[in-house]
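# Summary of structural features
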Amino acid sequence: MTQRKIIHIDCDCFYAAVEMRDDPSLREVPIAVGGQGGRGVVTTCNYRARAFGVRSAMPGGEARRLCPDLVMVPLDMAKYRDVSRQVMAIFREITELVEPLSLDEAFLDVSEVEAFQGSATLIARHIREQVHERIGITVSAGVAPNKFLAKIASDWNKPDGLFVITPEQIAGFVAALPVEKLFGVGRVTAGKLHDMGIRTCQDLQGVGQPELARVFGKQGLRLWEMAHGHDEREVVVTRIAKSVSVERTFARDLPGKDACLQVMQGLVDDLHRRLERKSGSKPLHKLVIKIRYSDFSTHTLERVREPGSGALPVMDEFLPLLDELVTDEERPVRLLGVGVRFRDDTAPVTQLRLFE
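The paragraphs below set out a description of the structure included in this document. (Residues numbered from 1 in each chain as written. Predicted model: local features only at pLDDT ≥ 70, side-chain atom pairs only at ≥ 80, totals over all residues. Heavy atoms only, no water.)

## Description of the overall build of the protein
Within the protein, the regular secondary structure consists of 13 helices and 14 strands. Oriented by its inertia axes, the alpha-carbon framework of the protein measures out at about 70 × 55 × 35 Å. For the protein, restricting intrachain contacts to residue pairs at least 6 apart in sequence, the fraction spanning at least 24 positions comes to 65%. Each charge class in the protein was averaged separately, 48 positive and 50 negative side chains, and the resulting centres sit 5 Å apart. (Helix = DSSP H or I, 4+ residues; strand = E, 2+ residues; numbered from the N terminus. Contact = heavy atoms within 4.5 Å. Lys, Arg positive; Asp, Glu negative; His and termini not counted. Charge placed at Lys NZ, Arg CZ, Asp CG, Glu CD.)

## Overview of the nonpolar core
Core analysis: the largest hydrophobic core is formed by 37 residues, its most contacted members being I7, F14, F91, I127 and I137. Elements with a contribution of two residues or more to this core: β1 (6–11), α1 (14–22), β2 (31–34), α4 (77–94), β6 (105–109), α5 (120–135) and β7 (139–144). Ranked by residues supplied to this core, first place goes to α4 with seven residues. Beyond its immediate sequence surroundings of up to four residues, F14 is in contact with Y80, V83, S84, L103, D104 and I137. (Core = buried A, V, L, I, M, F, W, Y, C linked by side-chain atoms within 4.5 Å. Buried < 20%, exposed > 50% of the residue type's maximum accessible area, 1.4 Å probe, protein only.)

## Some words on the sheet that holds β2
Spatial strand order, β3-β2-β4: three strands in an open sheet with mixed pairing. Unpaired on one side and paired on the other, β3 (42–45) and β4 (71–73) mark the two borders of the sheet. Averaged over all neighbouring strand pairs, the angle between strand axes comes to 30 degrees, with direction disregarded. Strand direction decides the pairing type here: β2 and β3, joined by three bridges, are antiparallel. Among the inter-strand pairings, V33 is bridged to a residue of β3, identified as T44. Lying on the sheet, α1 is in contact with β2, β3 and β4; it crosses β2 at an angle near 115 degrees. (Pairing = 2+ DSSP bridges. Axes fitted to C-alpha atoms, helices over the stretch in contact; angles between N-to-C directions.)

## Focus: the packing of α1 against α4
As a packed pair, α1 and α4 sit with axes 10 Å apart at the nearest point and diverge in direction by 95 degrees. Between α1 and α4, the angle falls in the class roughly perpendicular. Where α1 abuts α4, its residues F14, Y15, V18, E19, R21 and D22 lie against M77, K79, Y80, V83 and S84. The residue makeup of the contact of α1 with α4, split by class, is six nonpolar, one polar and four charged. (Parallel < 35°, antiparallel > 145°, perpendicular 65-115°, else oblique. Nonpolar A, V, L, I, M, F, W, Y, C, P; charged D, E, K, R; others polar.)

## Re the side chain of D231
By the secondary structure assignment, D231 is in the loop between α11 (218–227) and β9 (239–240). The buried category is assigned to D231, whose relative accessible area is 5%. A polar atom in the side chain of D231 sits 2.9 Å from the backbone nitrogen of F148. Side chain to side chain, D231 and R233 meet in a polar contact 2.8 Å long. Aside from chain neighbours lying at most four places away, what touches D231 is R4, N146, K147, F148 and R222. (Polar contact = N/O pair within 3.5 Å; in protein donor to acceptor, adjacent residues only side chain to side chain.)

## Quick look at the packing of α4 against α5
Remark: α4 packs on α5, axes separated minimally by 10 Å, with the N-to-C direction vectors making an angle of 145 degrees. Where α4 crosses over α5, the two elements pack in a sense that is right-handed. Contact residues: V83, Q86, V87, I90, F91, E93 and I94 in α4; I123, H126, I127, Q130, V131, R134 and I135 in α5. Split into classes, the residues belonging to the contact of α4 with α5 amount to nine nonpolar, three polar and two charged. (Left-handed = near helix turned anticlockwise from the far one by under 90°.)

## Observations regarding the side chain of E19
Relative to the helices and strands, E19 is located in helix α1. If we ignore the near neighbours within four places in the chain, the residues touching E19 are L26, I31, V33, V73, P74, D76, K79 and Y80.

## Some points on the packing of aromatic side chains
Aromatic ring pairs are defined here through the distance separating the ring centres and the angle between the ring planes. Overall, the coordinates contain seven aromatic pairs when judged by the stated rule. Within the aromatic cluster, the residues linked to one another by ring pairs are F14, Y15 and Y80. Cation over ring: R50 sits above Y47, and NZ or CZ is 4.6 Å from the ring centre. Residue placement shows R331 over the ring face of Y293; its charged tip is 3.8 Å from the ring centre. (Phe/Tyr/Trp six-rings, centres within 6.5 Å; stacked < 30°, edge-to-face > 60°. Lys NZ or Arg CZ within 6 Å of the ring centre and 35° of its normal.)

## A short note on empty space enclosed by the protein
By rolling a water-sized probe across the atoms, one finds the places where empty space is left. All told, the structure shown has one cavity of 30 Å³ or more when counted by the stated rule. If you add up the space inside the largest cavity, you get close to 40 Å³. Surrounding the largest cavity, Q86, I90, R134, I135, E247, R248 and T249 form its lining. Examining the composition of the lining of the largest cavity, we find that three residues originate from one element, strand β10 (residues 243–254), more than from any other. A class-by-class count of the residues in the lining of the largest cavity yields two nonpolar, two polar and three charged. (1 Å grid on protein atoms, 1.4 Å probe; cavity = no way out; pocket = protein on both sides within 12 Å on 5 of 7 lines; lining within 4 Å. Points joined across faces, edges and corners; volume = space filled by probe spheres on them.)

## A few points about the pattern of salt bridges
A full pass over the atoms with the stated rule returns 28 salt bridges. Across the salt bridge formed by K79 and E19, the nearest N and O atoms sit 3.2 Å from each other. Linking K79 in helix α4 with E19 in helix α1, this pair joins segments that are 60 residues apart in sequence. One salt bridge connects D231 with R222, and the closest N-O pair in it is separated by 3.9 Å. Overlapping salt bridges bring together E19, R21, D22, K79 and R334 as one network. (Salt bridge = Lys/Arg side-chain N within 4 Å of Asp/Glu carboxyl O.)

Take a look at the structure:
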């Protein structure tokens, strides 16, 4: 059986990071997203704010008392969803085995990926670099043989970190792990474990499954599995894909249509790579092009593909859509994307998407 290679990637203080990216004046001050009004709560905050004790789910009033200079930024969920789509798209350039857990984190199964010498560590490093260069935020990654350990690893060197747990390191790593790090162990469960003299996974390993099941029920069996570093859960792939696309957000706006033409071939090549990784040859129904201008206005155009076209779309097929969509040839472009849509009866199986 092939040893699994699982990566867990978590965006660092996601909402706050997006706000700092878009407003450079926020980068050197403590900020919290949300928390407005008398009953508002902090959704997330940057690391400068955390140094004052500000935390997620904290009432805005309490956060301001802890940090009088705290800058409160209103939530912009539409923007965060859009950035999340861009992040997840980078993941899917590597593998379709992506399981989003929320807007800002996901598991990837890269066990069968041959790129980057088949190294999950090199893949994680590449993804972190791509997210930083193309989207302008940082992510932390954990690499391990299973989901449980990968998720713990991603939190080990935050922010902007990478931590790897190899199969040979599992026993030593979990032995020293505090029980508070185990999924589902909150204050109450931790207190019960402490009362039993259990503070680390090594302590937990010394307790039999029957005793743990008696005290904690089904959770006790799960605690025993985690204490030994076991986790057989697969990265979940459950939904039929209706479309495949690639898009690129530019660190510096493209100055107009001519510049878009210069980068489109690279986008079409990326689209080919994603389509070729899918099993079998699937007929394409529509071509799609997407543009976001420097003022953040976004426009999408799609058109039914000509019958008898090749298995993969070529750049010339997208040019009429670009001509129709771009009416001002000198308008700066922030994002450019190309994609295809499948017919419903031939769609390939792929990962559940958050925003379709």
